[in-house]
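# Examining the three-dimensional arrangement
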Amino acid sequence: MFWSANYVGMRELNFLLKEENVTLTQILEADDILQECKADNKALIQFLTRSEILAELITLITEEPPKDVELTSQYRHSNIACEVLTSQLSTLSHRLCMDPVQMNRLCDFVNREPPLNPLLASYFSRTVETLLKKSPKQDCYLHHIVCLRALDFFKARRDFLPNLLRHISTSAIADTFKYFIGLSDPFDKIIMEANEVDRVHSESVVSVDEAREVELAITPHLPLLHQTLLRELPAGGDARGAGGAGAPGGAPGGAGAPGGAVGAARVHVAALIARLMYSHEEDVHNAILCLGTVGVLLDMFFAHAHNNFLHAQVCELLHNIRLNEHFAPRYFRQILDEYDLPTRLMDVFEANEDKKVRPRAALMGHVVALCHSLQAGGVCAGLPIPYI
């Protein structure tokens with residue numbers, strides 16, 4: 001029964017593709033379009049890679065749907081268009097990255113004033129990441145063609161990186177930004193695979209450290225990110241996402257919680273700074289050290305005692321500092337001499353042990369994690385680890 005229904009669906013899609021005036025809407029309404037994408041249906045691929053169809057797909061994932069459409073159906077075609085663009089069709093990805101008009105339209109999505117539509121932002125982010133990821137159907141050489149072409153285009157758009165930073169409070173955009181920074185890891189893996197497969201050509205394979213270029217491009221914008229961390233949300237302000245989801249009655253993480261609201265933007269900036277601790281670029285670390293960004297994050301850690309999203313990023317920050325052997329001594333010197341972190345951690349623990357203080361602070365688990373990081377870094381070997 002299943003096979004018969006599947007065959008009928010495939011046959012209907014093929015009949016549609018043979019029609020002279022078939023539209024993208026009709027194709028997106030076909031039940032088995034995604035299965036046929038994964039099956040590399042040649043007729044479907046030829047249809048999707050036509051210039052006007054590709055333009056319609058980009059429109060669907062970047063433009064708001066008409067308001068007169070029923071709410072339950074507004075994003076139906078946008079969602080299917082995103083699934084098609086991210087279905088690991090290497091021919092479609094190649095066609096998109098080679099089309100400057102559509103790539104410009106894709107990049108123009110982040111030119112808008114914040115906040116972005118979070119659903120459309122997720123479609124945008126998934127499409128961008130698909131251009132950079134290696135699909136199982138691609139060999140390393142084809143992946144390099146698509147990925148490097150896309151990266152060259154993003155670098156040529158001088159406004160692309162600043163616009164991503166402007167929308168860092170949108171979760172999908174923040175994830176894409178962190179993906180750009182981590183690009184060197186998949187590239188190194190591809191190089192190793194290529195060398196194992198064909199040692200004869202190993203000398204001709206060149207490692208491209210795109211993450212380094214992204215890190216250097218971020219450096220001029222670090223003061224702006226620092227100012228974002230210093231910007232407290234007003235009482236009752238927009239604290240959506242990342243531990244700020246408006247909790248009624250001053251619940252943990254809301255505007256009425258101790259330390260006020262953190263907000264999604266500051267949590268995403270904290271995650272970005274934590275990721276930059278892996279960097280080997282001296283300019284990046286000089287800027288962070290001069291600005292005192294680590295100190296601001298530690299102050300936020302203690303001020304927002306109920307925001308575990310923020311606490312997790314600060315713990316990740318210290319963990320990543322410890323793993324960066326070249327710059328760790330400078331950071332730990334600042335953390336000990338200027339911020340006196342061990343004493344502050346012990347003060348929090350002692351205050352928490354006071355039987356009159358109830359309930360216990362939500363950050364105690366992360367206090368222990370920070371103590372472990374300091375011990376593992378070899379800077380506070382005698383630091384007692386509190387137990388909770």
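Report follows, based on the coordinates. Please read all numbers here as calculations on a predicted model, not as lab measurements.

Moving on: the pattern of salt bridges. Evaluation of the coordinates by the stated rule reveals 12 salt bridges. Across the salt bridge formed by Glu113 and Arg166, the nearest N and O atoms sit 3.5 Å from each other. Of this pair, Glu113 sits in the loop between helix 8 (100–107) and helix 9 (118–132) while Arg166 is found in helix 11 (residues 160–166), placing the two residues 53 residues apart along the sequence. Between Lys155 and Asp152 there is a salt bridge, with the nearest N and O atoms lying 3.7 Å from each other.

This paragraph deals with the packing of aromatic side chains. Within this structure, the stated rule accounts for 5 aromatic pairs. Between Phe154 and Phe160 the ring centres are 4.7 Å apart and the planes differ by 10 degrees, which places this aromatic pair in the stacked class. Phe160 shares its class with Phe154; the two are buried. Ring centres 5.8 Å apart and planes at 90 degrees place the aromatic pair Phe154 and Phe180 in the edge-to-face group. Of this pair, Phe154 sits in helix 10 (residues 140–156) while Phe180 sits in helix 12 (residues 171–181); the two residues are 26 residues apart in sequence, bridging distant segments of the chain. Of the two residues examined, Phe154 and Phe180, each falls in the buried class. Joined through ring pairs, the aromatic side chains of Phe154, Phe160 and Phe180 make up one cluster.

In a regular helix each residue adds 1.5 Å, so 13 residues correspond to 18 Å; helix 16 (residues 264–276) covers 18 Å between its end C-alpha atoms and thus fits that length. Of all 13 residues in helix 16, 12 are buried; the element is thus mostly enclosed. Of the positions making up helix 16, those classed as buried are Ala264, Arg266, Val267, His268, Val269, Ala270, Ala271, Leu272, Ile273, Ala274, Arg275 and Leu276.

You can see Thr130 is positioned in helix 9. Residue Thr130 is classed as buried on the basis of its relative accessible area, which comes to 16%. Those residues in contact with Thr130 that sit more than four places away from it in its chain are Leu85, Thr86 and Ser93.

Calculation notes
- Residues numbered from 1 in each chain as written.
- Predicted model: local features only at pLDDT ≥ 70, side-chain atom pairs only at ≥ 80, totals over all residues.
- Heavy atoms only, no water.
- Salt bridge = Lys/Arg side-chain N within 4 Å of Asp/Glu carboxyl O.
- Helix = DSSP H or I, 4+ residues; strand = E, 2+ residues; numbered from the N terminus.
- Phe/Tyr/Trp six-rings, centres within 6.5 Å; stacked < 30°, edge-to-face > 60°.
- Buried < 20%, exposed > 50% of the residue type's maximum accessible area, 1.4 Å probe, protein only.
- Expected span 1.5 Å × (residues − 1).
- Contact = heavy atoms within 4.5 Å.

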